[in-house]
Structure formats: structure tokens, C-alpha cells
Amino acid sequence: MSVVIRLIHIIGSSWLTMVMAGLFGCLTIASNIGLMAASAYLISRAALHPSIMELSVAIVGVRFFGISRAVFRYLERYVSHDATFRLLGTVRVWFYTKLEGLAPARLLEWRSGELFSAIVGDVETLKEFYLRVLAPPFIAILVVIGTCLFLATFNLLFVYVLLGGVVLLGILLPIIVSIVQKSIAEELVAGRTQMKAQLVDSITGIVELAAFGQTRRQAQRIAELEERVAGLQGRVVNMTGMVDAFGLLIVNGTVWLVLWFAIPLVHSGQLEGIYLAVVALTVQSGFEAVLPLPLAVHYWSESMAAARRLFAIVDRTPAVLNKTEGIMASADATIKVEGLSFRYHEQGTEVLRDISFTLTSGHSLAIVGPSGAGKSTLLYLLLRFWDYDQGSIWLGGHELKSYHSQKLRNMFSVVSQQSHMFNASIRDNILLAKPDASDIEFQQVLESAELSEWMKTLPQGCNTMVGQNGYALSGGQRQRIAIARALLRNAPILILDEPTVGLDALTEEAIMGTIEKLMEGRTTILITHRLTGLQNMDDILVLEAGVLVEQGSQRELLAREGLFYQLWHLQHDVV
Amino acid sequence: MVDKRLMEQIKHHRQQFFLLVGLGFGGGVLAVLQADFLAKIINGVFLARLDWAGVSSWMAILFAIMILRSVFVWLIEVTAHSMAAYIKKDIRQQILASLFTLGPIYIRRQQTGELVNVLVEGVENLEPYFAKFLPQLFTAVTVPLIVLTVVFPLDFTTAIILLVTAPLIPIFMTFIGRTAEEVNKRQWETLSRLSAHFLDVLQGLTVLKIFGRSIEQIQVIHRMSSEFRDKTLGVLKIAFLSALVLELVATISTALVAVSIGLKLLYSQIDFHQAFFLLLLAPEFYLPLRQLGTHFHAGMAGSAAAERIFAILSLPKTRDNRSGEMSLPRQQQVNITFENVHYAYDDGERPALKGVSFTMRPGETVALVGGSGSGKSTIASLLLAFMSPDKGNIFINGINLAHIKLEDWLSQVAFVPQSPHLFYNSVADNIRLGRESATLAEVIEAAKNAGAHDFIMSLPDAYDTLVGEGGHGLSGGQGKRLAIARAFLQDAPFLLLDEATAGLDPQNEAVIDEALHRLMQERTVLIIAHRLTTVYKANCIVVLHEGKITEAGPHDELMKTQGLYSQLVLAFRGEK
């Protein structure tokens, strides 16, 4: 239940629009009830052949309701779409604000784009909670109350019958459905997942399927799975079909039951005959408000699941508390690491074990090793994405923890393997590093990053949009933009995190050339598993499984014939 | 929206389809009957002053009709779903058959995401099309017709009102359908642009944080949401107007019918029973038409999916001149001869092999060397019979490969690809791809030979661990070892090995090297080589350049001739 309360909390200022949308929804249905009741009254009344004057009110009523329904429907649509957009905005701002506090440490755990998309999807699902879970009961309750008050003027019996139908259709039926469906749902989800996996495998594994002569077998497997899933689905449909059938029977049955009770009342004169048709049609059209309720149950479980997943994310504690005081900067960029050990989780294995090294201000250091050696972790600790608890890191003679968090990060420039590009212009992507950079500064940076020539070939120059995550850029261009960012930022310490991964040899060489310019006068740390261009580094650390196994210049390391030598050999054994 | 090609699919399920149409018709008739009896009863009680006993038989019939209607609703849903399920299965099988015939060469060059999408989501979209949209479409035609047939003899004015407004509904519906589609599209675009931005910011949060720009994004998200909202609502405001008109047509004509028959009643031109019956029928007349609107999207999605599905189904199947009927019993030794083999991709547009001839003797290891695009993988694809040579022949122990039964040949080729695909299945079943009938003991034996047993045992469920997309993640080296285990299990006389371009972990590499060495014993081996150490060891090196063999022979010999190969080797040594 606390999930619901938290969700309602998030709505904030959007509640008014939502209530408006709900009210217009009520009025739309009420108009229809009005139309049917007034029509029934008009006809019944006319059957008694009164003067036309006596019918005029009814005629006006019929015409009024005929028009008002359409108008209210229009307003409802408009306002509810307004509410949708508002809610989405509100939920997104809420989620982003929470996440911002957790970034980047907690974010690094979900690197894959799919996970990000799933989260974006969950945020979107939340809007259904407000529009399709909260709104329908609200509308149903108001409409049913109104209808009951109207029916009560004739006879309380009708009210009881209507309420009985409403409870059956709007509450009991959905509950029964959700209970029964749950039993099949799990099996169905499992079947569908398997089916999807098999279909994906048929495409992505086509080489193996064809090479091992398995294509026919695969098609057969899928046909079998499909039959199984269809069988399960058939059981679900059988049930939902039955539910729909019962739903219709409840609506019709309620009308029938109202007649049952009304007939003797008319005969005994307790109910005027002209109202018989009115009562019957009012009851029938009142159910319009109750029909969406079963669907609300479906959205309920869906949005609760999404909410739980999102809350699980935002409820995590930040890996590092944002420190807004402390040392602002240090002129000396000497980095000293002493006896540093680290594990991500308390029960987890040590990712770094007793690492010690010194990088003097203005010098360069490379960290190499097989994947999983702990290179990136070391970098995250330097940037204070995580806090270490064993050993220490000193920057310019001060412990890292004594710095102001953001000011500390301002001392670093990072060029990483897949620098994120925002879906904005090239200019904006570069200016991210320094929004108030002058035009001259900007041009200089373009020149140094060797972007200006390419930029001239673009019709829109530096205003060219780079597309979602820079898909319109080649790997080399992307890295050059990242280099331009780093240049503009002009921080004393430069961190290069596999800056040439995924580039072809020629581009790699060119990019490394540009990077050398960037390194001038800066304390540099290069993380790489490509062992090229290391001859100019002052010092190289070789990590393996979190342990510093070798250290020295390239010449020294090759002479030693240890792990570095093996790695180097393997990489140069390529045709 | 009524896609002819989709209707074709119904052909095989005619019975169910006619049953559906019949049920829809029956449902319409029942709705009319229900209105009639309701009117009869109310008329009887209200005007004829009948008591309970007087109307009890009508009440019983009315209740029976109501139950029957519900049964029809249930039957329609069940029948429609079962028809849709059959059709979905048919179409999936057709697509798969089509793709498998087109083969890996075609598929590898497509965007796999798109193919997967058609196969999974695309076909799934046909479910609401066949199960919801089509049945509703028939109801929307039959029910109004039934109602009109009943109304005409009763009251001409009402019939005219219905008749005049009826065409307005489909007209507006198509109009709204179009604008609604436009609105949906626009709204969807807006929403997806918003969520794309949101995704963008989330994915770039690390960068924003490093640059100290993350806080201000809160404002940006808020502002973008509001701007988009205002813009989209401006568009929607107009689009909703057409929906307003549709709603007006339906409600106002009900109101018109009510008023006109009310006046007729007043002047005794009609009796109450008929009048009330007509009033009840008017909404029934419009209901199916309006319900069609709610399934409109299913219709659109279905026909959109059909486009993509039939695009795949109508692809021209590559000519395949395999007449392979000859069986090839299991060979102890395999020798392979390429005789002036030509092959070009894209119907001869892109030549890949231009007259390649070479021979592999039993037990020999041949290394293919050459840059990308030199024709190495084309040779592998030809040997795996993914396609047949355009010109020239490949002989297996003297028999033309084109004449050999495909399964017979493939069972004798063990293939270890560069980056093996792992299927969403258990580790054991992934290895069993090499030989489906293998026992677990045999699988374990193969895994031990491939140096994979130890890491498999450390997985959560050992040999039963699910791997592949969505399963337990394995490293590249581990996947490779499973592929080698497949080859051991298959125990084929010919081994086709596509070497990894970059092995970066010396430990992993050592295990794989050792396993491969064992695997290569006493087999004829063709390696697409990327590593010098492998090439040195080969009995024969075949150097390819732009689809032709430039030189062939053992390492020492080739170094002496000082051709392309020696240049390649020297270039790398130079760097060392």
C-alpha cells in the first residue's frame, strides 16, 4: 500500500488537471444516461397523448443531452491528454532528480542500453497508474452515486439491484479473473520468453543452424513452442471470453431484474407506468462507467510492478555522498596511491588488492591488463564515483575524500571509450565542457582536435545534429569531439579510458596523434588493453585480477618477459 | 486495411472464419430480438396494464435471449483467437522457411534487429488483427444491416435518419481513422521524442556529472515536457474536433429518432411498442460502428505488419543448383579440391572468388591468409554449402559437392566460427548441436577435451545452466571453448576453423590453443588464419588477394619467394 501512497505523492501539482479529466469523464457518461432516460420519458409520455406543450421540456432535454455528450467527450479527451503529458513530465523530473543523486556509481552497473530503455519504459508505464487505475474507479463511483440518487426517487429496490450488478461486474469479476489468470500467467510468460528466444536465435544463430544442418529442426521446435503458447493463450482467452460474456450478462441481467421488481410495482400503482422505461434505460446506460474497471485491475498490477522496480532503484543509497565543502582545487596534480583495496559489495570479491603507485605532476602513466583486471575500477575511485575504505589516494598532498566533490571532478578531463554524445549539435556537445567559452576559444579547440577541416565539409558546420547517441558520427569523429571537450575543459589531469577501442588501425594512429597534443603539460593516465603507443609513457602499471603484477617502462617490461611481454606478443601475432 | 494477402491466409481456416461470420450475424439478430422483447414487456406492463403473470413468458424468453447473447460473445472470442493462433503459426513458419532458404549469407547482411522484429512483434500484431479487428469489421457491416431491415417496414422516418447518418459514420470513421492515425502518430512521435531525450540524458548522466552539468537537466526535462505538451495539445485540439463530429452524429441522430417518434406517438401514427423498440435499436445501430474505432489501431498495426512480413515472403529465393541426392557415407579421411571456383554476391554484382583452385590432402592443415574482402570467408561459406559456386567445382574425395546430400556432408564438417553463437538453451544442449543424440557423458567428455569442463562446473547449474541471450553470460573465450566442444562431440573428419582476430587474455588463449591442437589431430583442417603462430604450423598456406590465390605453399617456401606473404610477415616483424 505504501507504494500507492508514494505514487500519489509524486503527482504534485498535476492533480487538478487529473480531477478535471475525471469530472469531464463523469459528465460524458452522465449525458448518455440523460439522453436515454429523457428519450424513454419522452416516448412514454407521448404514448399518453398529452398536448405538445407537455412534451417540450423532454424534447429540449433529449436535444441537450444529445449535444452535451459530444461536447463533454471532447473536453474529456483534451484535458486527459493534457494530464498525460503533465504526469509524464512530473514523473520524469521526479525520477531524474532521484537518479542524479545516485549517479554515476549506481548507473555504471547497468551499462547496457536495454536496461536504460526498460527503465524509461517503466517510467512511462507509471502514467497508466494515474490515468487507468486511479481515474476509472473515481468516475465509476461518482456516476454510480448519481445514478443511485436518481433511481432512489422512484424506489430504493432499484438502487440495491444496480449496486449488486456494479459490485459483481466492477469488483468481484476482476478479482476472480486476476486470481485465475495468475495461475496461467507465469507459464504463459515463460512460454513466450522461450518462444522469443528461439526466434531471436533463429536469426542471430543462423550460421550455426545452417552449418550444423539444424534449420528444419529449429522450425519444428518453434512450431511446437508456438502450439504450446497458443494452447496456454487459448485457456486465457477462454477465460477472458467467459468474463466478457458474464459482464454482458450482468448488465442485461440487472436490467432484467429491475424489470422483475418494477412490474408488480407498476401494477400496484407504486410506480407510474411512464417511468418504467426510464428506469430500465437508466440502469442499462449507467453501466458504461463500470465497464472499464476490469481493465483497471490489469493496469494496476502492471503499474505496481513498474513502480516497485523504480522505487528499488531510487531507494538505493548513493555510493558517495555529495560533498559541498572542502578543498576546492590543488595546483599540484601529483597522485599518490597507497595500499588501495576495493570491493563493490561487502560480500563481493576484491576487485583491487593492495595497489600502490605514484604519478608525479606532469608525468604520464599507462594502466594495462586483461579485461576484468580492475583498470576501470581504479579510474572510478580516482574520480570518486565510489569511496574506498582500505588504503588511500592523495591528490596534491591531500586525501581525495577531503575535496569538494564537484570541484575535485573539475580537476579531471576524461576521454572514454564510448564518450556519450547527446542528441544535439556538435557545438553543444563540445560546449558541454564549458558553456561560456568564447568563440575564439571554441575555434581554437576545433583546430587542435583536428575537427575544423571536417566541419567545413558539413553543410551546417558545427550546428550539425549528431543524432541519438551520436549515431551520425564515425568512431573517429566521436573521439575527436570528446578530445575537443577535454581541451576546452582544460583540466590539469587527463584520463584516457581506452580512447581508441573499436577504431581501425589508421584512425587509431591519427587519434593517438591528436591525444598526444592533449597530453602536453598534463598529468595523464591512460587505460588500455591495446598495447600500442606505450613507448612514450613514463610508467606502465600491469594489473591482473586486481593485483599490480608489473611496473616499469615498456622497454623494462619487455625485457622482463612477464605478463606484459605475453600480452604484447599475443597482440603482435596477427596476420 | 483489409489486406488481400492477409485474407488469403484465412483460406486454410475457412470453417472457423464462416463460423465467426455466422456468430456475428446471430449476435446481431439476438440484439434486435432482445430490444423487441424488452419493448413488448414494457408496453404490456405500462399500457396494456398486464401483471406479472401476463408478461412472465416474455420475461423468460428475454432472459433466454440474454444468456444466448453472452454465449455468442464467448464463442466469438474463442473462435477468433483460435483462428488467429493458427494463422500466426502458419505465417511464422512461412517466414522461417523463407529465411532459412535464403540462408546465412542473406541474413547476415540484413539488420538482424529488423528481422527479429518482424518475426516476433510483427507476427504478434496479427493476433489483434484477426482476433479483434476482422470480427468487429464484419459485425460493423452486418448488425446495422439487420437493424435497418427491421426498421424500414416499421417507421420510414427513423429508417431514413439511420440510413442518412450511417454512411456518415464510416466516412467520418475513415476520416477520423486518418486523422486519428495522424494524431496517434504525432502523439507517439512526441512521446517517443520525449522519451528519447529522457533516455539520452539518463545514458549521458555520467558525462553530465563529470562536467558538473547534471543538476540543470532537471529544469530542461521539465521545460521540454511543458513545451511538447503545449505544442502537441495545439494539434490535438483540432484533431479531436472530428471525433466530436462523429460522436455528435451518433448521439444527435438518437435524439432525432427519439423526438420524431415521440411526435408520431403523440399523433398516434405509431404505437408505443414500436416506438420504444425503435428507440432501443438506434444505439444498437451505431454501437458496432463506433466499436470498430477502438479496434482501428489493431487494423492499422496488422496491415503495417503485413507489409513487412510479405516483403520477406516475396524475396526472390537465390538460385540453387544443388541437386544433391547422392549419399556420402561417413569418411575416415577427407580430401577436398577446389577447381577453378568462381563466386559473386548480389547476383554477380560483387565478385568474391575469381577462379580459385587448390587441394587439401587428408590430414593436412591448410591456412587461408589474406586481407578482409580477399575471399577467405567465401571459401568457408561454399564449404558449408551456404551457397554453390557460380562456376567451377568443389570435390570431396572426388565427388562433386553439389551432388552430395546436404545433411550427409554437413555431418562431416566440424565448424568452429570466429565468435560462436550461443543458443538460449542449456550448456549441454549447446554442445549437443554437434551431435543431437549424444549422452551427457559424451558431452562432458567433449567439454573436457575442449578445456571447458572446469568453467562449466563452476556455473550455477553446471551443464544445465541456461546460456545465450537472456541466460548466463559467458566470456568470449568460454563461448569459443563450447564451440570447440561441439566440434569434439561431432568428431567429423573435416574441421573448418575461423580463428579469432584478437585473443587478449593469455591464459584463455593458452587453453584454447591446446584444445585446438588436440582437435586438429588426424583431421583435414582448413583455418581462416589471423595469427602468425598458427600460420607457421600449417602444412600449406594459401594466400588470397581480391578473390585469387596469389601464392601457396609452406611457410619457409613462401618466405623464399618474397611475395605478398613474406611482405606481410616482415611488416609485423618490423614493428616488433
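Conventions and cut-offs
- Residues numbered from 1 in each chain as written.
- Chains lettered and ligands numbered in written order.
- Predicted model: local features only at pLDDT ≥ 70, side-chain atom pairs only at ≥ 80, totals over all residues.
- Heavy atoms only, no water.
- Helix = DSSP H or I, 4+ residues; strand = E, 2+ residues; numbered from the N terminus.
- Rg over C-alpha atoms; globule rule 2.2 N^0.38 Å.
- Buried < 20%, exposed > 50% of the residue type's maximum accessible area, 1.4 Å probe, protein only.
- Contact = heavy atoms within 4.5 Å.
- Phe/Tyr/Trp six-rings, centres within 6.5 Å; stacked < 30°, edge-to-face > 60°.
- Lys NZ or Arg CZ within 6 Å of the ring centre and 35° of its normal.
- Core = buried A, V, L, I, M, F, W, Y, C linked by side-chain atoms within 4.5 Å.
- Buried area = accessible area lost by both parts, 1.4 Å probe.
- Salt bridge = Lys/Arg side-chain N within 4 Å of Asp/Glu carboxyl O.
- Polar contact = N/O pair within 3.5 Å; in protein donor to acceptor, adjacent residues only side chain to side chain.
- Nonpolar A, V, L, I, M, F, W, Y, C, P; charged D, E, K, R; others polar.
- Pairing = 2+ DSSP bridges.
- Axes fitted to C-alpha atoms, helices over the stretch in contact; angles between N-to-C directions.
- Patch = residues over 30% accessible without salt bridge, like charges linked within 9 Å, V, L, I, M, F, W, Y side chains within 5 Å.
- Areas by Shrake-Rupley, 256 points an atom, 1.4 Å probe, with all protein chains shown as cover.
- Domains from an automatic or database assignment.

### Structural notes on the overall build of chain A
Phase 1: When helices and strands are tallied, chain A shows 19 helices and 10 strands.
Phase 2: For 575 residues, the compact-globule estimate of 2.2 N^0.38 gives 25 Å, and chain A exceeds it by more than 25% at 35 Å.
Phase 3: Taken along its principal axes, the extent of the C-alpha atoms in chain A is 115 × 60 × 50 Å.
Phase 4: Per-residue burial for chain A yields a buried fraction of 55% across its 575 residues.
Phase 5: Here the analysis covers contacts within chain A between residues at least 6 apart in sequence; of these, 76% occur between residues at least 24 apart.

### What to know about the packing of aromatic side chains
Phase 1: In total, this model carries 27 aromatic pairs over all chains according to the counting rule given.
Phase 2: Taking 5.2 Å as the distance between ring centres and 85° as the angle between the ring planes, the aromatic pair formed by Tyr129 of chain B and Phe130 of chain B counts as edge-to-face. Across the pair, exposure class does not vary: Tyr129 of chain B and Phe130 of chain B are buried alike.
Phase 3: Seen in terms of ring centroids, Phe338 of chain B and Phe358 of chain B are 4.8 Å apart; in terms of plane orientation they differ by 15°. Their pairing is stacked. A residue pair is termed long-range when its members are at least 10 positions apart, and Phe338 of chain B in strand β1 (residues 336-344) and Phe358 of chain B in strand β2 (residues 350-360) qualify at 20 residues.
Phase 4: Taking the relative accessible area as the measure of exposure, Phe358 of chain B reaches 9% and is therefore buried.
Phase 5: Taken together, the aromatic side chains of Phe342, Tyr344, Tyr380, Phe385 and Trp386 of chain A make up a single cluster linked through ring pairs.
Phase 6: The side chain of Lys401 of chain A reaches across the aromatic face of Tyr388 of chain A, ending 4.5 Å from its centre.

### With respect to the nonpolar core
Phase 1: Ranked by size, the top nonpolar core spans 192 residues in total, and within it Phe130, Phe276, Ile336, Phe338, Ile379, Trp409 and Phe494 of chain B carry the most contacts.
Phase 2: Here the element with the most residues in this core is helix α8 (residues 215-267) of chain A; it accounts for 19 residues.
Phase 3: For Phe494 of chain B, the residues in contact, after removing those within four places along its chain, are Val334, Ile336, Met360, Leu383, Trp409, Gln412, Val413, Ala414, Thr524, Val525 and Leu526 of chain B.
Phase 4: Counting 87 residues, the second-largest nonpolar core is a separate cluster that includes Leu7, Val123, Leu310 and Leu458 of chain A.

### Brief notes about unusual backbone geometry
Residue and element names in this part refer to chain A.
Phase 1: At Glu450, a position not held by glycine, the phi torsion is positive, near 55°.
Phase 2: For Ala545, which is not glycine, the phi torsion reads 50° and is therefore positive.
Phase 3: Within the secondary structure, Ala545 sits in the loop between β9 (539-544) and β10 (547-552).

### What to know about the interface of chain A and chain B
Phase 1: Contacts between the two partners involve 142 residues from chain A, matched on the other side by 138 residues from chain B.
Phase 2: Between chain A and chain B, a total of about 12800 Å² is buried, with carbon and sulfur atoms accounting for 72% of that surface.
Phase 3: With a closest N to O distance of 3.9 Å, Glu208 of chain A and Arg486 of chain B form a salt bridge.
Phase 4: One can count 24 residue pairs in polar contact (both at pLDDT 80 or more) joining chain A with chain B.
Phase 5: The leading source of residues in the side of chain A that touches chain B is α8 of chain A, at 31 residues.
Phase 6: Its residues placed into classes, the side of chain A that touches chain B shows 79 nonpolar, 40 polar and 23 charged.

### Observations regarding the sheet that holds strand β5 (residues 399-400) of chain B
All names here are of chain B.
Phase 1: An order of β2-β1-β4-β5 is seen for the 4 strands of this open sheet, with the pairing classed as antiparallel. Because the sheet does not close on itself, it has two edges, and the strands there are β2 and β5.
Phase 2: Bridge count between strand β4 (residues 391-396) and β5: 2 bridges; the pairing is antiparallel. Among the inter-strand pairings, Phe395 is bridged to a residue of β5, identified as Asn400.
Phase 3: Here helix α12 (residues 376-383) sits on the sheet in contact with β1, β2 and β4, set at roughly 115° to β1.

### Digging into the pattern of salt bridges
Residue and element names in this part refer to chain B.
Phase 1: Enumeration according to the criterion identifies 34 salt bridges over all chains in this entry.
Phase 2: A salt bridge links Asp429 to Arg432; its shortest N-O distance comes to 2.9 Å.
Phase 3: The exposure class of Asp429 is partly exposed, given its relative accessible area of 35%.
Phase 4: Judged by relative accessible area, Arg432 falls into the buried class, the value being 18%.

### A word on the side chain of Gln554 of chain A
Residue and element names in this part refer to chain A.
Phase 1: Within the element layout of this structure, Gln554 appears in helix α18 (residues 554-560).
Phase 2: Owing to a relative accessible area of 13%, Gln554 belongs among the buried residues under this scheme.
Phase 3: Dropping the residues within four chain positions of it, Gln554 is found in contact with Leu534, Gln535, Ile540, Phe564 and Trp568.

### Some details on a nonpolar patch on the surface
Phase 1: A grouping of Val167, Leu168, Ile171, Leu172, Ile175, Ile176, Ile179 and Val180 of chain A is seen on the molecular surface, where their side chains present a nonpolar patch of about 670 Å² in accessible area.
Phase 2: Its location among the elements puts Val180 of chain A in helix α6 (residues 156-204).

### A word on the sheet that holds strand β7 (residues 493-497) of chain A
Strand pairs in the sheet, formed through backbone hydrogen bonds, run parallel or antiparallel to each other.
Residues and elements named next belong to chain A.
Phase 1: Sheet architecture is open: 6 strands sit in the order β6-β7-β8-β3-β9-β10, paired in mixed fashion. The two strands at the open ends of the sheet, each matched to only one other strand, are β6 (412-415) and β10. Sheet twist, expressed as the average angle between the axes of neighbouring strands with direction ignored, equals 20°.
Phase 2: Two elements, β9 and β10, share 5 bridges in a ladder whose sense is antiparallel. When the bridges of β10 are listed, Leu543 appears paired with Leu548.
Phase 3: Against the sheet, helix α16 (residues 475-489) engages β6 and β7, with an angle of about 175° to β6.
Phase 4: The sheet contacts of helix α19 (residues 563-571) involve β3 (364-368), β9 and β10, and relative to β9 the element is tilted by about 90°.

### What about the pairing of β1 of chain B?
Looking down a regular strand, the side chains alternate between one sheet face and the other.
Residues and elements named next belong to chain B.
Phase 1: Bridging between β1 and β2 involves 7 bridges; their strand directions are antiparallel. Residue pairing for β2: Thr337 is matched across the bridge by Thr359.
Phase 2: Pairing between β1 and β4: 5 bridges, direction antiparallel. Counted as the bridge partner of Thr337 is Phe395 from β4.

### Looking at the domain arrangement of chain A
Phase 1: What the domain assignment lists for chain A is domain 1 (1-154 + 295-319) and domain 2 (335-571).
Phase 2: Here the C-alpha centroids of domain 1 of chain A and domain 2 of chain A sit 50 Å apart.

### A look at the environment of Val200 of chain A
Phase 1: Relative to the helices and strands, Val200 of chain A resides in helix α6.
Phase 2: With relative accessibility at 14%, the residue Val200 of chain A sits in the buried group.
Phase 3: Separated by 213 residues in sequence, Val200 of chain A and Ser413 of chain A have C-alpha atoms that sit 41 Å apart.
Phase 4: Setting aside anything within four residues of it in sequence, one finds Val200 of chain A in contact with Gly205 of chain A together with Val116 of chain B.

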